[in-house]
Amino acid sequence: MNFETVVFYVFAALAVIAASRVVTARNPVHAALFLVLAFCSMAGVWILLEAEFLAITLVLVYVGAVMVLFLFVVMMLDINLVQLREGFWRWLPFGAVLAGLMAFEMIWVLGSSKISGGKEVIKHAADYSNTKELGRLIYTDYVYPFEIAAVILLVAMVAAIALTSRRRKDAKSQVVPEQVAVRKADRLRVVKMSAEKHAQKSDSTAGVAQ
Amino acid sequence: MEKITNFFKTFLLFELVKGMALTGRYFFARKITVQYPEEKTPQSFRFRGLHAQRRYANGEERCIGCKLCEAICPALAIKIEIAEREDGTRRTTQYDIDLYKCIFCGFCEESCPVDAIVETRMFEYHGEKPGDLYYTKTMLLALGDKYEEQIARDRAADAKYR
Amino acid sequence: MMELLQTLLQTGQELLGPAWLPVWTLVKIMAIIVPIMVGVAYLTLAERKVIGYMQIRIGPNRVGYFGLLQPIADGVKLFFKEIIVPSGSSKFLFVLAPIMALAPSLAAWAVVPFTDGMVLSNLNAGLLYILAMTSLGVYGIIIAGWASNSKYAFLGAVRSAAQIVSYEIAMGFALVCVLMASQSMNLGDIVNGQQGRFGMLNWYLLPLFPMFLVYLISGVAETNRAPFDMAEGESEIVAGFHVEYSGMAFALFFLAEYANMILIAFLTSIMFLGGWLSPVPFLPNGSIWLLGKVSFILLLFLWFRATFPRYRYDQLMRLGWKVFIPITIVWVVVVAAWMQTPLWVW
């Protein structure tokens, strides 16, 4: 067993343990953190496959952004575990069938000779850039699927923002550009006045005021 | 035109640079820190520091146990017990100031009809264990004896303003 | 010097055989981490001195000449302090959090080049790796805030999580401009791409000036430094995510913050200020230039803190989402178009 195999088994075992803890952990925050660990160990496995771009992107996007927002939400929720566990036994058979089905599908797809076929990983030279290769493929062979996916994401994003950004008429809000545009001269007037004189000497002005 | 200059000023962070220029100028300004143990700021003769109990020139303690200071103390830091002495005068048997409570307002000194309790200029004192800063009558009298000269001088200097 | 290194390498190889590679790598890692830690220690002193001077004070000057031993005294003090674990906290996560804060900021140094070729790991996707590592730093803060079982810590964690995620996007886009200009994600290649006959004018600072500002300001926000230190916010949430920490655990958060500052300063100088390249053509290149640039950016960090009041949280979010991200996206397009014209001379 060479070094790479050892590293692979370490990462794989970590990923499996973490993934199973995601579903079994009692505390939802712990579950989310185990998911982070699972992502990280999968990134390790991908690096072993020389897919460094995907591995780093997994860490960057999923661990660095998506899971942070997940944790953000999960930490805020007040989750009642007892209530959550109520229907466990009733729904277990249904869930088990679904899980079995999915496992079967995955084995069927991944086990077919088209995808893996037990081939060895192709080793590349040190200056081989996985990123460049990926970019070339995306913008040549797979340009239409890629652009369509991008457009769908954009539409989803615009829709999500449009749905949530209803402005209430009675709500007060700041108009930031106006605030930024304000200059000192607009709001502040410096008045030059002579220093106030003693009461006795200002008899004449007092008379005018009356 | 003004809008355009404002636009560029905003994006070139003009005001932030102006602010930084100000702090940058102060970086080279003369420093005004007083290096405490070696240097000290001038002290007023009205400085309110550690308390002391005074005596008359003949060695008789001034305090007559009127309890005015105890009554006025806003922090309830003073505790007084009184009794009649053999010569028939009214004297304190206990006069404690809890310096943990004391806020150094100087009311005790002002309320005192015989100038017995005073606040000295001493401010460099400390306690090492709980209770060290609970000053009893003997401690206060000892302080008074020790600093009497300076206390008398400060009272004399302040007398014309009273 | 080089010969000595060569002989050392050879004897090591002969002595240890296959175990030599990990040993030598460890030596290299130590050679990077130890100076960083010393730098962090003295950055704290520099911060206190600089801010003191800007406030007409003189800063620490009691421990050692000019206060030079102050960081060591602080370290010793923190080292011997008791670590209090609050009741009701999640103990494992409570201890893990400071480690999670420090580890990514140290891991990112693996791909930072100090001069041409002097880098621990010459990764092709170096820029991405840096982005990934800096984005992991937020976990330390989130876990610390949640595991402390304290409302102040939790509020600090929530603030910081939202803040870091928002500013990472702007930072990422700024870096996209850099990698478009240099056509490489290797940090060494990025610096070499800025080499040219005109010294300073060849740096990416010139064509990517808006990105430089965005990156620097986002960097300040990413490291939770003033004026973006909402995660700490002494005046409203005491000290934010690390209220419950004491002793060495607290020190680790401190180390992480300053190590991140140094990292951001290094990255800014490498990507926009030409790294180890000399600003004028007639002087030789060398890591001394890199150190000079890094020191200047660190001074800027301290200067910001001495000058600007803290942002309000909604203004911070507005700056991130409504100002920086649009600017960066526009500039990505501008640079992409610019590069297609003969006017692109970098």
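Keep in mind it's a predicted model, so treat the numbers as computed, not measured.

Q: Please clarify how the confidence of the model for chain B should be interpreted in this entry.
A: Detailed reading of the predicted coordinates is not advisable wherever pLDDT falls low. Averaged over chain B, the pLDDT score is 87; the fraction of residues at 70 or greater is 100%. Quick note on the complex model: pTM equals 0.81, ipTM equals 0.79.

Q: How do you make sense of the sheet that holds strand β3 (residues 90–98) of chain B when you look at a structure like this?
A: Consider a sheet: its strands pair through backbone hydrogen bonds, and that pairing is either parallel or antiparallel. Pairing is antiparallel in the open sheet, where three strands are placed in the order β2-β3-β5 (chain B). For this open sheet the edge positions go to β2 (78–84) and β5 (134–135) of chain B, each flanked by a neighbour on one side alone.

Q: Hey, could you run me through the nonpolar core in this one?
A: Most often, soluble globular proteins keep nonpolar side chains buried together rather than apart. Formed by 130 residues in total, the largest nonpolar core has its most connected members in W109, Y139, L187, L208, Y215, M271 and F272 of chain C. What Y139 of chain C contacts, discounting residues up to four positions off in sequence, is L33, V36, V63, M67, V68 and L71 of chain A together with M100 and A144 of chain C. Judged by nonpolar contacts, the second largest core, of 25 residues, contains I78, I97, C112 and L143 of chain B.

Q: What should I look at first to understand the packing of aromatic side chains in this one?
A: When we look at a pair of aromatic rings, we describe it by the centre distance and by the angle of the planes. Residue and element names in this part refer to chain C. Across all of its chains, the model carries 25 aromatic pairs over all chains by this definition. Both rings, one in F114 and one in F266, keep their centres 5.7 Å apart while their planes meet at 80°; by these two values the pair is edge-to-face. Here F266 lies in helix α10 (residues 247–271) and F114 lies in the loop between α4 (91–107) and α5 (126–147), a separation of 152 residues in the sequence. Since its relative accessible area comes to 6%, F266 is described here as buried. In this arrangement the basic side chain of K49 is found over the ring face of F66, its NZ or CZ atom lying 4.1 Å from the centre.

Q: For this particular structure, what's the right way to read the interface of chain C and chain A?
A: In many analyses, interface size is given as the accessible surface area lost on bringing the parts together. Each side of the interface is counted separately: chain C has 25 residues, and chain A has 26 residues. Taking both partners together, chain C and chain A bury about 2100 Å²; carbon and sulfur atoms supply 78% of that area. Taken together, the connections running from chain C to chain A amount to zero salt bridges. Run the count over chain C and chain A and you get one residue pair in polar contact (both at pLDDT 80 or more).

Q: Whenever I open this one, the confidence of the model for chain A confuses me. Can you help?
A: All names here are of chain A. Confidence in the prediction of chain A, expressed as mean pLDDT, is 80, and 84% of residues score 70 or more. For chain A, helix α10 (residues 203–209) is the element with the lowest average pLDDT, namely 48, and helix α7 (residues 143–164) is the one with the highest, namely 92. Low pLDDT (under 50) marks residues 205–210, which in the prediction has zero contacts with non-local residues, meaning those over four places away or in another chain.

Q: Got a minute to help me understand the interface of chain C and chain B in this structure?
A: Counting residues at the interface gives 18 residues for chain C, matched by 18 residues for chain B. Summing both sides of the interface, chain C and chain B together bury roughly 1500 Å²; the carbon and sulfur share of this comes to 74%. Where chain C meets chain B, there are one salt bridge. R62 of chain C serves as the salt-bridge partner of E38 of chain B, at 3.2 Å between the closest nitrogen and oxygen. At the junction of chain C with chain B, the criterion picks out nine residue pairs in polar contact (both at pLDDT 80 or more). Elements that contribute at least two residues to the side of chain C that touches chain B include exactly α2 (20–54), α8 (209–222) and α11 (287–307) of chain C. Among the elements that make up the side of chain C that touches chain B, the one with the highest residue count is α11 of chain C (five residues).

Q: Explain the side chain of H242 of chain C here, please?
A: All names here are of chain C. Along the chain, H242 turns up in the loop between α9 (234–237) and α10. Among the residues examined, H242 registers a relative accessible area of 11% and is labelled buried. The contact partners of H242, leaving out residues within four places of it in the chain, are E232, F250 and F253.

Q: Any chance you could explain the packing of α5 of chain C against helix α6 (residues 151–182) of chain C here in plain terms?
A: Helix-helix packing is characterised by the crossing angle of the two axes and by the distance between the axes. All names here are of chain C. Remark: α5 packs on α6, axes separated minimally by 8 Å, with the N-to-C direction vectors making an angle of 175°. For the element pair α5 / α6, the angle class is roughly antiparallel. Between α5 and α6, the residues in contact are L127, L131, T134, S135, V138, I141, I142, G145 and W146 and A153, F154, A157, S160, A161, I164, E168, G172, L175 and L179, respectively. Along the lines of polarity and charge, the residues of the contact of α5 with α6 split into 13 nonpolar, five polar and one charged.

About the cut-offs
Residues numbered from 1 in each chain as written. Chains lettered and ligands numbered in written order. Predicted model: local features only at pLDDT ≥ 70, side-chain atom pairs only at ≥ 80, totals over all residues. Heavy atoms only, no water. pLDDT = per-residue confidence, 0-100. Pairing = 2+ DSSP bridges. Helix = DSSP H or I, 4+ residues; strand = E, 2+ residues; numbered from the N terminus. Core = buried A, V, L, I, M, F, W, Y, C linked by side-chain atoms within 4.5 Å. Buried < 20%, exposed > 50% of the residue type's maximum accessible area, 1.4 Å probe, protein only. Contact = heavy atoms within 4.5 Å. Phe/Tyr/Trp six-rings, centres within 6.5 Å; stacked < 30°, edge-to-face > 60°. Lys NZ or Arg CZ within 6 Å of the ring centre and 35° of its normal. Buried area = accessible area lost by both parts, 1.4 Å probe. Salt bridge = Lys/Arg side-chain N within 4 Å of Asp/Glu carboxyl O. Polar contact = N/O pair within 3.5 Å; in protein donor to acceptor, adjacent residues only side chain to side chain. Axes fitted to C-alpha atoms, helices over the stretch in contact; angles between N-to-C directions. Parallel < 35°, antiparallel > 145°, perpendicular 65-115°, else oblique. Nonpolar A, V, L, I, M, F, W, Y, C, P; charged D, E, K, R; others polar.

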